[in-house]
Amino acid sequence: MLTKIKKKIQSMLKTEAAIANRIGLTPNHLSIAGALLGIISGISYWLAGMNITDPYKGRAYLLIAVAFLIGSGFMDALDGALARLYQKTSIKGGFMDSLIDRYVDAAVYSGIMIGGLCDITWGLLALIGSLLTSYARARSEAENVPMESVGIFERAERIIMIAAVTLLNIVWMDALRWGIFLLALMTNFTVLQRAAFFFRKTSTKQR
């Protein structure tokens, strides 16, 4: 749903992309930076859970987790802008970017689960749904069926949801738990949407 908005944001990052290009950064550099920020976010979620009995430390780690999660998302948008504006797109770069995004997703969900900030069952379902949402698109596009913007919970929506409920968790301790529950439902529903879309498109082609 927010993929189109993401593209508009990328078009607004011309200044940042120009600076990155001027200092010799490549999209791969930014992808790796985004991965590191995402992993630190996951670690911060784990530390927040470990310090949940200390309201100050727990909240501080949650704020750090959100900051690094947003930073990771920013790098993800910036590497796309840099690649397009300076003709640095490549098959290898696209593959690496997609692979890194999955590691970031896994790191963040794992940090939340290991930290005890959500129920393990729902956390695993949310992680599975997130990974399969991305896999469904990749597998569909491998069969020449474009799937961008198909489904209600793509990666941008997931990042925004996690960031929002994390901030809310600072004042309401069950917000993150309920947020992961909703993500578990909505991501797997998105997988079903994409599967239905794929079967509808391929059945039309076969005719």
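Up top is the structure these notes are about.
Read on for a plain summary of the structure. Residue positions are given per chain, counted from 1 along the sequence in the order it is written. Where totals are concerned, whole chains, interfaces and linings use all residues; where local detail is concerned, this predicted model gives features only for residues with pLDDT of at least 70, and gives and counts side-chain atom pairs only at 80 or more. Side-chain figures throughout are based on the complete set of non-hydrogen atoms in the structure, without hydrogens or water.

### Structural notes on the overall build of the protein chain
Stage number 1. Only DSSP runs of H or I covering at least 4 residues are called helices, and only runs of E covering at least 2 are called strands; the numbering of each starts at the N terminus. When you go through the protein chain residue by residue, the secondary structure sums to eight helices and zero strands.
Stage number 2. Ordered by position from N to C terminus, the α and β elements of the protein chain give α-α-α-α-α-α-α-α.
Stage number 3. To get the radius of gyration, use the C-alpha atoms; to get the globule rule, take the number of residues to the power 0.38 and multiply by 2.2 Å. Taking 207 residues into account, the globule formula puts the C-alpha radius of gyration at 17 Å, and the protein chain, at 18 Å, falls close to it.
Stage number 4. For the C-alpha atoms alone, the extent of the protein chain along its principal axes is close to 60 × 45 × 25 Å.
Stage number 5. Considering only intrachain contacts with a sequence separation of at least 6, the fraction spanning at least 24 residues in the protein chain is 79%.
Stage number 6. With residues, only the protein chains shown are counted as cover, and all accessible areas are computed by Shrake-Rupley using a 1.4 Å probe. Of the roughly 11200 Å² of accessible surface on the protein chain, 69% is carried by carbon and sulfur atoms. Contact criterion: two residues are considered in contact whenever any of their non-hydrogen atoms come within 4.5 Å of each other.

### Some remarks on the nonpolar core
Stage number 1. In terms of nonpolar packing, the biggest core is built from 28 residues, with Tyr45, Tyr109, Ile112, Ile162 and Leu183 touching the most fellow members.
Stage number 2. Contributions of two or more residues to this core are made by helix H3 (27-50), helix H4 (55-85), helix H5 (91-114), helix H6 (120-142), helix H7 (155-169) and helix H8 (175-206).
Stage number 3. No other element matches the six residues that H5 contributes to this core.
Stage number 4. Setting aside chain neighbours within four positions, we find isoleucine 162 in contact with Tyr45, Leu69, Val108, Tyr109, Ile112, Leu176 and Leu183. To qualify as a nonpolar core, a set must consist of buried Ala, Val, Leu, Ile, Met, Phe, Trp, Tyr and Cys residues joined through side-chain atoms within 4.5 Å. Working definition: with a 1.4 Å probe on protein chains only, accessible area under 20% of the residue-type maximum means buried, over 50% means exposed, and in between means partly exposed.

### Here we look at the packing of helix H2 (residues 14-22) against H4
Stage number 1. Axis lines are fitted through C-alpha atoms, for helices just across the contact stretch, and the angle between N-to-C directions can take any value from 0 to 180 degrees. Closest axis-to-axis distance for the H2/H4 pair is 9 Å, and the angle between their directions is 75 degrees. As judged from the angle between their axes, H2 and H4 are roughly perpendicular. Residues Lys14, Glu16, Ala17, Ala20 and Asn21 of H2 form the contact with H4, whose participating residues are Phe74, Leu78, Ala81, Leu82 and Leu85. Orientation categories follow fixed angle ranges, with anything under 35 degrees roughly parallel, anything over 145 roughly antiparallel, 65 to 115 roughly perpendicular, and all other angles oblique.

### A closer look at the pattern of salt bridges
Stage number 1. For this analysis, a salt bridge means a side-chain nitrogen from Lys or Arg found within 4 Å of a carboxyl oxygen belonging to Asp or Glu. Counted according to the given criterion, the structure contains 10 salt bridges.
Stage number 2. In this structure, aspartate 76 and arginine 155 form a salt bridge, with 3.3 Å as the shortest nitrogen-oxygen distance. With aspartate 76 in helix H4 and arginine 155 in helix H7, this pair connects stretches of sequence that are 79 residues apart.
Stage number 3. Classification of aspartate 76 by relative accessible area gives buried; the value is 8%.
Stage number 4. Here arginine 137 and glutamate 141 are joined by a salt bridge, their closest N and O atoms 3.1 Å apart.

### A few points about H4
Stage number 1. The span expected for a helix works out to 1.5 Å for each residue beyond the first. Helix length check: H4 (31 residues) gives 45 Å between terminal C-alpha atoms against 45 Å at 1.5 Å per residue, within 8%.
Stage number 2. Distance and chemistry together define a polar contact, namely a pair of N or O atoms within 3.5 Å, with one atom able to donate a hydrogen and the other to accept it when in protein, and with adjacent residues in sequence counting only for side-chain atoms on both sides. Between the side-chain oxygen of the N-cap and the backbone nitrogen of tyrosine 56 there are 3.1 Å, and the N-cap of H4 in question is aspartate 54.
Stage number 3. Glutamine 87, located one to two residues past H4, shows a positive phi value of around 50 degrees.

### What about the packing of aromatic side chains?
Stage number 1. In summary, the pairing rule links any two rings of Phe, Tyr or Trp, Trp by its six-membered ring, whose centres are within 6.5 Å, and it sorts them by plane angle into stacked for under 30 degrees, edge-to-face for over 60 and tilted for everything else. As enumerated under the stated definition, the model contains three aromatic pairs in all.
Stage number 2. Their ring planes at 80 degrees and their centres at 4.6 Å tell us that tryptophan 122 and phenylalanine 181 sit as a pair that is edge-to-face. Separated by 59 residues along the polypeptide, tryptophan 122 in helix H6 and phenylalanine 181 in helix H8 bring together distant segments of the chain.
Stage number 3. Residue tryptophan 122 is classed as partly exposed on the basis of its relative accessible area of 30%.
Stage number 4. The class of phenylalanine 181 is partly exposed, set by a relative accessible area of 23%.
Stage number 5. Residues phenylalanine 198 and phenylalanine 199 carry aromatic rings whose centres are separated by 5.9 Å and whose planes lie at 70 degrees to one another, so their mutual orientation is edge-to-face.
Stage number 6. Looking at phenylalanine 199, the relative accessible area reads 56%, which means it is exposed.
Stage number 7. Through a chain of ring-to-ring contacts, three or more aromatic side chains come together here, namely Trp122, Trp178 and Phe181.

### Brief notes about the packing of H3 against H5
Stage number 1. Where H3 meets H5, the axes come as close as 7 Å, and the angle between the chain directions of the two elements is 5 degrees. What the angle tells us is that H3 and H5 run roughly parallel. Touching Asn28, Ser31, Ile32, Gly34, Ala35, Gly38, Ile39, Ser41, Gly42, Tyr45, Trp46 and Met50 of H3 are Gly93, Met96, Asp97, Ile100, Val104, Ala107, Val108, Gly111, Ile112 and Ile114, all from H5.
Stage number 2. Broken down by class, the residue content of the contact of H3 with H5 amounts to 13 nonpolar, eight polar and one charged. Nonpolar residues are Ala, Val, Leu, Ile, Met, Phe, Trp, Tyr, Cys and Pro. Charged residues are Asp, Glu, Lys and Arg, and all others, Gly as well, are polar.

### Digging into a nonpolar patch on the surface
Stage number 1. Here, patches come from residues exposed beyond 30% relative accessible area and free of salt bridges, joined within 9 Å for like charges and within 5 Å for nonpolar side chains (Val, Leu, Ile, Met, Phe, Trp, Tyr). Residues Ile120, Leu124, Leu125, Ile128, Leu132 and Tyr135 make up a contiguous nonpolar surface patch of about 530 Å² in total accessible area.
Stage number 2. You can see isoleucine 120 is positioned in helix H6.

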